[in-house]
Amino acid sequence: MPPIPFAQRIAAAPISWGVCEAPDWGYELPAERVLSEMRALGLRATELGPTGYLGADPGQVRALLDRHGLRLVGGFLPVVLHRDAADFAEAEEAIRTLAAAGSQVVVLAARSVDGSYDRKVLLDDGEWRILVDNLKRLRDLVGENGLRATLHPHVGTAIEDRAAVYRLLDSSDIPLCLDTGHLLIGGTDPLELLQAAADRVAHVHLKDVRASVAATVSAGDTSYIGAVRQGLYTPLGDGDLDIAGIVGALETAGYQGWYVLEQDSALYGEPPAGAGPVDDVRRSLDFLAALP
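**Some points on the pairing of strand S7 (residues 201-206)**
Step number 1: Burial analysis of S7 places 6 of its 6 residues in the buried class, which makes it a mostly covered element.
Step number 2: Summarising the sheet, strand S6 (residues 176-179) and S7 pair through 4 bridges and their orientation is parallel. Paired with Asp-179 across the bridge in S7 is His-205.
Step number 3: Pairing analysis gives 3 bridges linking S7 to strand S10 (residues 259-261), with the strands arranged parallel. Paired with Leu-206 across the two strands is Leu-261, which belongs to S10.

**Quick look at helix H11 (residues 277-289)**
Step number 1: In a regular helix each residue adds 1.5 Å, so 13 residues correspond to 18 Å; H11 covers 19 Å between its end C-alpha atoms and thus fits that length.
Step number 2: Those residues of H11 lying buried are Pro-277, Val-278, Val-281, Ser-284, Leu-285 and Leu-288. Looking straight down H11, one finds its buried side chains confined to an arc of 120°; they lie on one side.
Step number 3: Each element contacted by the buried residues of H11 is listed here: strand S1 (10-11), helix H1 (31-40), S7 and S10.

**Looking at empty space enclosed by the protein**
Step number 1: With the rule as written, the count across this model stands at 1 cavity of 30 Å³ or more.
Step number 2: By volume, the largest cavity is sized at about 70 Å³.
Step number 3: Around the largest cavity sit Leu-48, Gly-49, Thr-51, Gly-75, Phe-76, Leu-77, Ala-94, Thr-97 and Leu-98, which together line it.
Step number 4: Residues belonging to the lining of the largest cavity are distributed by class as follows: 5 nonpolar, 4 polar and no charged.

What counts and what doesn't
Residues numbered from 1 in each chain as written. Predicted model: local features only at pLDDT ≥ 70, side-chain atom pairs only at ≥ 80, totals over all residues. Heavy atoms only, no water. Buried < 20%, exposed > 50% of the residue type's maximum accessible area, 1.4 Å probe, protein only. Helix = DSSP H or I, 4+ residues; strand = E, 2+ residues; numbered from the N terminus. Pairing = 2+ DSSP bridges. Expected span 1.5 Å × (residues − 1). Arc of directions from axis to C-beta. Contact = heavy atoms within 4.5 Å. 1 Å grid on protein atoms, 1.4 Å probe; cavity = no way out; pocket = protein on both sides within 12 Å on 5 of 7 lines; lining within 4 Å. Points joined across faces, edges and corners; volume = space filled by probe spheres on them. Nonpolar A, V, L, I, M, F, W, Y, C, P; charged D, E, K, R; others polar.

Below you can see the structure in the form of structure tokens.
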């Protein structure tokens, strides 16, 4: 099968429009508006967003996406993995929903017990063993539903800093979701990680970051949502990451997965029609279109 061109592997995510599963995140734009703006930008694929945002059941999700000419590529699923005898009933339901709605990838994160992203989740050796065993359980469950599991290093989760990312690579063979922004905030250079383990990357979240704001999150001086509201993320090409170099390294390594535009935003209210987050997503798409 011939390689799929880069431009045909760019997808969106509702978080770029301020739609997030975290509590008290901000104003949530209606799904109809978000999907309409995605399609108007020429996008043809999206991640799911929070459970229930695109519909109460897979049939509703498929119908809504079909109406806007979009396909579902994946969904973000934070799960507590470092506790023994973890109950995966809720995760299993979400995985089955993703499969039935036509998804390809499940993006797992090793969430904190309370779901907050504003504190470090530090594990002892016993908790690490539990996490690795639970990851295998979930990966098997994802595979049984015809999907591919990836693990997303993420701020405020058990896989956040550089040491945890590399310990995961050594302890488990689960594929990675390479989130350029969360890696940088946690102290991992995405290009360095690609040099070490490009073959482990099965999904990509593209973010550009203001390093000065990211440093306040790393130091614990700013909450994650506070940093987002202070401009942590920028349109691609406007921040301090070498997005062109990252994309080039992935393509050179033979990566054939999706590039999901994920510039986390948080809204205080509904912006005027045609304005708001859609402007930043448009600028990110223009940047990617200009890459050689």
